[in-house]
Amino acid sequence: MQPQQNHRWLRWPSDPSRSRLAFGADYNPEQWPRHIWDADVRAMQVAGVNIVSLGIFSWARIQPQVDVWDFGWLDEIMDLLHAHGIAVDLATATASPPPWLTTMHPEILPVDGDGRTIWPGARQHWRPTSPIFRLHALRLTRALAERYRDHPALTAWHVNNELGGDNAYDYSDDAATAFRDWLRRRYGTLDALNRAWATTFWSQQYSDWAQILPPRRATTHLNPTQQLDFKRFSSDALKDHLRAERSVLYEVTPDIAVTTNFMVMGWSKALNYADWAAEVDFVANDHYTTPGPQAHDELSFSANLTSNLAGGRPWYLMEHSTSALNWQPINVAKGPGEMARDSLTHVAHGADAVCFFQWRQSAAGAEKYHSAMLPHAGVDSTIFRAVTDLGATLRDLAEVAGTTRRPSGAAIVFDWESWWTAEHDAHPSDRLRYRQEALDWYTAFLELGIRADVVPVDAPLHRYGLLVAPILHVVPGALADRLRGYVADGGHLVTTYFSGIVDEHDHVWLDGYPGALRDLLGIRIEEFAPLSDEQSVELDNGTVGTLWTDRVDVKDPATEVLARYRQGGQTGRPAITRRAVGSGSAAYVSTRLGPAGLTVVLADLAQRAGIDSELPPDLRGRVELAVRGPYWFLINRTGQPLDISNVDGERLGSGTAVLAPRGVAVLRRATVPGTAHE
Ligand code: GLA
Ligand code: GLA
């Protein structure tokens, strides 16, 4: 991805020793008495911690009243950390407004779609469009920047925290005002907005901007374009807050890198990070796993996507967990080796920092059962020993720091707007899950031992020989042109059910589905035929479809039917098609096949596209391969030891030819292929 003009991409934390991997955590010393701080920094040194994120939830401690400031404790801990060689990623501390502020200005509190106030008592109870919140947040940001501008521990700024994590959607009157301004900028005239929102439907024509509201709770299905624009607006409103804090920081400390921690992980969908990535000097991500058979594949998928949001450059893993969480219904503890494997998988996909939430497990408060680097049990614990081992492993891998990811031959396209829109209400099926479909394809690639990048839709697609675009639902004309150009130039495109259906306004492309991609695919669909939960359909290639089918007609003689429905409502009709276009092709999969079925289908499609695994046959599916510069990361996907002696390269650290269960080996390869990733 090209960085935005005038943006200082990529400024990296001012780390004097650039050739190391950062290792650390969120550190919340305000939760502990002073003497614990000394024990903390000693234990950090034992573990090899070299960075902490400080002050994330410290607003009330730093500014206990509107005109009272207390920096003494923060000065002291900054000095103490610096004296122990630990750098500070200093938060702007604006994530959780203090009680004096919400009492003085309850109008900064978010409002839900029912008009109910979201009260203080937890965190992130602020609306991004509140001018009063903005004023107080920037005052705090400036005070911190001015106080610590020359502090030697300061290595980076951490804006707020997980922007939108708990306050992604606000339906307040401030939001309504800001939404109208946003719409005015987008559409210019009410006529254009009325057309885009198709307001002739259900008598929704607007005759004045002031009539427009956020999509608050209504009698039945809300206008879908209003919903889509509100999602776009809400992502932009939080981005605007990031920019506002950032501009204060750039003004006071022009040489310090600024980031904020993204949430590229399973359920988190509200922010369009493809659009956010150019707003930070370096990309930082938080990742927590969701239990299940694809838990580790999902971690890899997220790390891979994060890396590609960062344009292949190194990024920061700002948070993950040493073991159990506290916010899932059941919080499963990690097994032996899992923490290291999870950490090193992020490194394999370009992370130059491995950080956790949090350093010392809280004794009280809402997160007291969330694991940490230093658990309730203290230093004499399995977790702390594993943490210390991980610190040593990261020191062994220091030379990896700064290397860029090597692009794969294949990619999966990930598009936030398709994610948002495909899962709207009042659709053919409410069971469709955009990210799950993309993840299933990713698992299929892993099963075949083929490296695949996960890339935002505006990434340079031409570098990939094979491009899978699952449920690419929103296809504006320009994107259809890009995809046509990609195929015409010899690329192999694969797409699925419910792709190419609508334009950027969520208006259906007419004359048969999949509208924008119909001619490229050489097929035509008159009607969707989703399946009930009990239904499944067999295909004649031995796979089984669920969730969805289409009534596919082949229209172009160059379109080959790769599989047909053998049973179910579409018996005999094409299920999977592929249209040859010069040396390229465009393939279509009309049902949900899941990881096992997709592995069968992808093996065929990849082979036709000339994409093969780089791994020895016996390791395919068992080992995940990721490549940074000259380094091959081999990640054991199984619970068995694996012999990796037939993979070339010198193993970093104290490795042998055996890859332990859940182990990760890093091999320095003799041949150094091109590593640039612009
Ligand atoms: C998020 C937040 C942290 C903490 C963790 C717990 O990532 O940023 O403050 O709440 O979740 O998993
Ligand atoms: C009702 C309404 C119609 C339409 C249909 C859709 O009958 O009167 O306007 O919404 O439902 O099923």
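Model, not experiment: these values are computed from the prediction.

Conventions we followed
- Residues numbered from 1 in each chain as written.
- Chains lettered and ligands numbered in written order.
- Predicted model: local features only at pLDDT ≥ 70, side-chain atom pairs only at ≥ 80, totals over all residues.
- Heavy atoms only, no water.
- Near = heavy atom within 4 Å.
- Polar contact = N/O pair within 3.5 Å; in protein donor to acceptor, adjacent residues only side chain to side chain.
- Areas by Shrake-Rupley, 256 points an atom, 1.4 Å probe, with all protein chains shown as cover.
- Nonpolar A, V, L, I, M, F, W, Y, C, P; charged D, E, K, R; others polar.
- Axes fitted to C-alpha atoms, helices over the stretch in contact; angles between N-to-C directions.
- Helix = DSSP H or I, 4+ residues; strand = E, 2+ residues; numbered from the N terminus.
- Parallel < 35°, antiparallel > 145°, perpendicular 65-115°, else oblique.
- Left-handed = near helix turned anticlockwise from the far one by under 90°.
- Contact = heavy atoms within 4.5 Å.
- Salt bridge = Lys/Arg side-chain N within 4 Å of Asp/Glu carboxyl O.
- Buried < 20%, exposed > 50% of the residue type's maximum accessible area, 1.4 Å probe, protein only.
- Expected span 1.5 Å × (residues − 1).
- Arc of directions from axis to C-beta.

Visitor: Got a minute to help me understand the site of ligand 1 in this structure?
Guide: What surrounds ligand 1 is the set Phe57, Arg123, Asn161, Glu162, Asp286, Tyr288, Glu319, Trp327, Phe357, Glu367 and His370. The separation between an oxygen atom of ligand 1 and a polar side-chain atom of Asn161 is 2.8 Å. Take Glu367: an N or O atom from its side chain is 2.3 Å from an oxygen atom of ligand 1. Protein contacts shield 97% of the accessible area of ligand 1, which totals 310 Å² for the unbound molecule. Within the shell around ligand 1, the residues separate by chemical class into 4 nonpolar, 2 polar and 5 charged.

Visitor: Explanation requested: the packing of helix H11 (residues 338-348) against helix H12 (residues 382-396) in the structure shown.
Guide: When two helices pack together, their arrangement is captured by the angle between the axes and the distance separating the axes. Interaxial distance between H11 and H12 falls to 10 Å at its minimum, and their mutual angle equals 30°. The angle between the axes of H11 and H12 places the two elements in the roughly parallel class. Crossing angle aside, the handedness with which H11 passes H12 is right-handed. Contact with H11, carried on its side by Met339, Ala340, Ser343, Leu344 and Val347, involves Ala386, Val387, Leu390, Thr393 and Leu394 of H12 and no other residues of that element. Looking at the contact of H11 with H12, its residues break down into 8 nonpolar, 2 polar and no charged.

Visitor: Can you walk me through the pattern of salt bridges in this structure?
Guide: Side-chain pairing between opposite charges can occur once the charged atoms of the two side chains come close. By the definition in use, this model includes 47 salt bridges. Residues Asp114 and Arg116 are paired through a salt bridge, measuring 3.5 Å at the closest nitrogen-oxygen approach. For Asp114, a relative accessible area of 38% translates into the label partly exposed. Since its relative accessible area comes to 52%, Arg116 is described here as exposed.

Visitor: Please clarify how H12 should be interpreted in this entry.
Guide: Because the α-helix completes a turn every 3.6 residues, residues three or four places apart line up on one side. Here H12 contains 15 residues, and its C-alpha end-to-end distance of 21 Å stays within 8% of the 21 Å for a straight helix at 1.5 Å per residue. If you check which residues of H12 are buried, you get Phe384, Val387, Leu390, Gly391 and Leu394. Down the axis of H12, the buried side of the element spans an arc of 115°, and every buried residue falls inside it. In H12, the exposed positions angled more than 90 degrees off the buried face are occupied by Thr382 and Asp389. As for H12, its buried residues are in contact with strand E1 (22-27), helix H1 (34-47), H11 and strand E9 (351-356).

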